[in-house]
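# Coordinate analysis (summary)
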Amino acid sequence: LTGVLDDCLCDIESIDDFNTFKIFPKIQKLQERDYFRYYKVNLKRPCPFWADDGHCSIKDCHVEPCPESKIPVGIKAGSSNKYSKVANNSKELEDCEQANKLGAVNSTLSNQSKEAFIDWARYDDSQDHFCELDDERSPDAQYVDLLLNPERYTGYKGPSAWRVWNSIYEENCFKPRSVYRPLNPLAPSRGGDDGESFYTWLEGLCLEKRVFYKLISGLHASINLHLCANYLLEETWGKPRWGPNVKEFTRRFDPIETKGEGPRRLKNLYFLYLIELRALSKVAPYFERSVVDLYTGNGHEDAESKALLLDIFRDTKSFHMHFDEKSMFAGDKKGAKSLKEEFRLHFKNISRIMDCVGCDKCRLWGKLQTQGLGTALKILFSEKEIQSLPEHSPSKGFQLTRQEIVALVNAFGRLSTSIRELQNFKVLLQQTR
């Protein structure tokens, strides 16, 4: 995987070097700080698009075969016989028990943390909220320690996971009916030349719609990389051993096994990295103001966190091959405005689909990464507002909540980790040859 990326003047090798030597070590440190490690999320919102099929893919099964609270509303309202059908299937029961061991979301918090959250909420409430986020005030919203709940392979797969990605690609990626090839890379392709005719069609799209597809494909590739890099390799004496799974990586990204798709997916990961990197460089003036404080109640730690964040911003500004977002939505004003709104609504819909993910841990990281990308897009489309921010008072024109800031940093941290893991897989592949 080498050379220049499409739709921008940046090459893969430059991103690899920049990420490995400048960004990755610092973003890792930042994610460990209290302000960035706790994320408030509602994992109990019902899926707004469909009722699930009752098969337990969820990793946190407290009751056999599945906890009541995790069964989507549509099924609970429907026939309760689905329970007995699942309960009588011993294979699914075993899956459920295995799931319980694999990846329950660890929501334990110290009393000190709980007190700090009350302070944070008070501090956030004094800010001007710019946009509607996950319903933080809902009694179902809870703080999760991201360090105790790493993103990794949980065993969540099958029809439920397929349906989520299928809905994202097929219904939200500006696809006309004349294109038969499924956008979803998990779907079986039809016919021999579908791949090339699909990419010819994609190149014919306007830049904005092409970018939208690449962002989603890049996010998908990044998540798949995390799962391959943090895979359950074996479980001996009840102690799981996690690590890179070269076979799984090859299955998802090898050019031969994926009919040439794998490298394209990875290129889209690099493209997504560039978009979020650009957003970080653009939002720096917002955080450089003295009025913005990464508030946790610990003054010394807060000052250190802000200094580290500003250091990362300086690095992002020093990168010399940024994506130029000015080329987007640059047509006639009326058409550009309408396209931007369509882009925003499509993305908002994808963030809602994350409430249909059946595994709590996958849902947690899916919601965080889509919110992080949504925040990056919000920043790129608010350049004028960011440039005219007042130095000593909160702004009405552009505001980020703590949730958006935590999501932005952690989502970019995941991309930085993906690109780092890709280097590791290159080494491992050379060793296995």
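Residues numbered from 1 in each chain as written. Predicted model: local features only at pLDDT ≥ 70, side-chain atom pairs only at ≥ 80, totals over all residues. Heavy atoms only, no water.

This part takes up the packing of aromatic side chains. According to the stated counting rule, one finds nine aromatic pairs in the structure shown. Both rings, one in tyrosine 35 and one in phenylalanine 36, keep their centres 5.1 Å apart while their planes meet at 70 degrees; by these two values the pair is edge-to-face. An identical accessibility class is assigned to tyrosine 35 and phenylalanine 36; each is buried. An angle of 80 degrees between the planes, with centres 5.1 Å apart, marks the rings of tyrosine 286 and phenylalanine 287 as edge-to-face. You'll find tyrosine 286 and phenylalanine 287 in the same group, each marked buried. Grouped by ring-pair contacts, the aromatic residues Tyr286, Phe287, Phe313 and Phe398 constitute a single cluster. The ring of tryptophan 242 carries arginine 152 above its face, with NZ or CZ at 3.9 Å from the centroid. (Phe/Tyr/Trp six-rings, centres within 6.5 Å; stacked < 30°, edge-to-face > 60°. Buried < 20%, exposed > 50% of the residue type's maximum accessible area, 1.4 Å probe, protein only. Lys NZ or Arg CZ within 6 Å of the ring centre and 35° of its normal.)

The positions UniProt marks with the feature "binding site: FAD" (unreviewed entry) are Arg152, Thr154, Trp165, Ser217, His220 and Arg252. Along the chain, tryptophan 165 falls in helix α7 (residues 159–172). Note on tryptophan 165: relative accessible area 13%, which makes it buried. Overall, the relative accessible area of 15% leaves arginine 252 in the buried class. Leaving out residues up to four positions away in the same chain, arginine 252 has contacts with Asn224, Cys228, Thr258, Gly262 and Arg265. At 2.5 Å, the side chain of arginine 252 forms a polar contact with the side chain of asparagine 224. (UniProt positions renumbered as here; feature names shortened; annotations may be inferred. Helix = DSSP H or I, 4+ residues; strand = E, 2+ residues; numbered from the N terminus. Contact = heavy atoms within 4.5 Å. Polar contact = N/O pair within 3.5 Å; in protein donor to acceptor, adjacent residues only side chain to side chain.)

Once that is clear, we can look at unusual backbone geometry. In this structure, lysine 259 takes a positive phi of about 55 degrees despite not being glycine. Mapped onto the elements of the fold, lysine 259 is located in the loop between α10 (246–253) and α11 (261–288). Lysine 259 sits in the exposed class, given a relative accessible area of 72%.

One finds Ile15, Leu215, Tyr273, Val283 and Phe287 to be the most contacted residues of the largest nonpolar core, which totals 102 residues. Excluding residues that lie within four positions of it along the chain, phenylalanine 287 makes contacts with Val292, Leu294, Lys306, Leu309, Leu310, Phe313, Leu400 and Ile405. (Core = buried A, V, L, I, M, F, W, Y, C linked by side-chain atoms within 4.5 Å.)

Further remarks concern the UniProt feature "active site" (unreviewed entry) in the protein. Per the UniProt record, "active site" (unreviewed entry) is found at Cys359 and Cys362. Along the chain, cysteine 359 falls in the loop between α13 (333–353) and α14 (360–380). The exposure class of cysteine 359 is buried, given its relative accessible area of 0%. Take cysteine 362: it is sitting in helix α14.

Further remarks concern the side chain of glutamate 404. Inspection of the secondary structure assignment puts glutamate 404 in helix α16 (residues 402–432). Among the residues examined, glutamate 404 registers a relative accessible area of 2% and is labelled buried. Among the polar contacts made by the side chain of glutamate 404, one reaches the main-chain amide nitrogen of threonine 401 at a distance of 3.0 Å.

Pairing analysis gives five bridges linking strand β3 (residues 231–236) to strand β4 (residues 239–243), with the strands arranged antiparallel. Of the residues in β4, the one forming a bridge with glutamate 235 is proline 240. Here β3 folds back onto β4, and the loop between the two strands holds two residues, one of which, tryptophan 237, carries a positive phi near 50 degrees. (Pairing = 2+ DSSP bridges.)

What follows deals with the packing of α11 against helix α12 (residues 299–318). Viewed as axis vectors pointing N to C, α11 and α12 meet at an angle of 135 degrees, and their least axial separation amounts to 9 Å. Classed by the angle they form, the pair α11 and α12 counts as oblique. For the pair α11 and α12, the crossing hand works out as left-handed. Between α11 and α12, the residues in contact are Leu277, Leu280, Ser281, Val283, Ala284, Phe287 and Glu288 and Lys306, Leu309, Leu310, Phe313, Thr316 and Lys317, respectively. Grouping the constituent residues of the contact of α11 with α12 by class yields eight nonpolar, two polar and three charged. (Axes fitted to C-alpha atoms, helices over the stretch in contact; angles between N-to-C directions. Parallel < 35°, antiparallel > 145°, perpendicular 65-115°, else oblique. Left-handed = near helix turned anticlockwise from the far one by under 90°. Nonpolar A, V, L, I, M, F, W, Y, C, P; charged D, E, K, R; others polar.)

This next bit is on α11. Given a rise of 1.5 Å per residue, 28 residues ought to cover 40 Å, and the 41 Å separating the end C-alpha atoms of α11 matches this to within 8%. At lysine 282, α11 shows its largest kink, close to 35 degrees, and the proline proline 285 lies no more than four residues downstream. (Expected span 1.5 Å × (residues − 1). Bend = angle between axes of the 7 residues up to and from the residue.)

Defined simply, a disulfide is a covalent bond joining two cysteines at their sulfur atoms. In total, this model carries one disulfide according to the counting rule given. Bridging cysteine 47 to cysteine 356, the disulfide has an S-S length of 2.0 Å. As the torsion about the S-S bond is roughly 75 degrees, the cysteine 47-cysteine 356 disulfide counts as right-handed. Within this pair, whereas cysteine 47 is found in the loop between β1 (38–42) and α3 (73–77), its partner cysteine 356 is found in the loop between α13 and α14, the two being separated by 309 residues in sequence. (Disulfide = S-S within 2.5 Å.)

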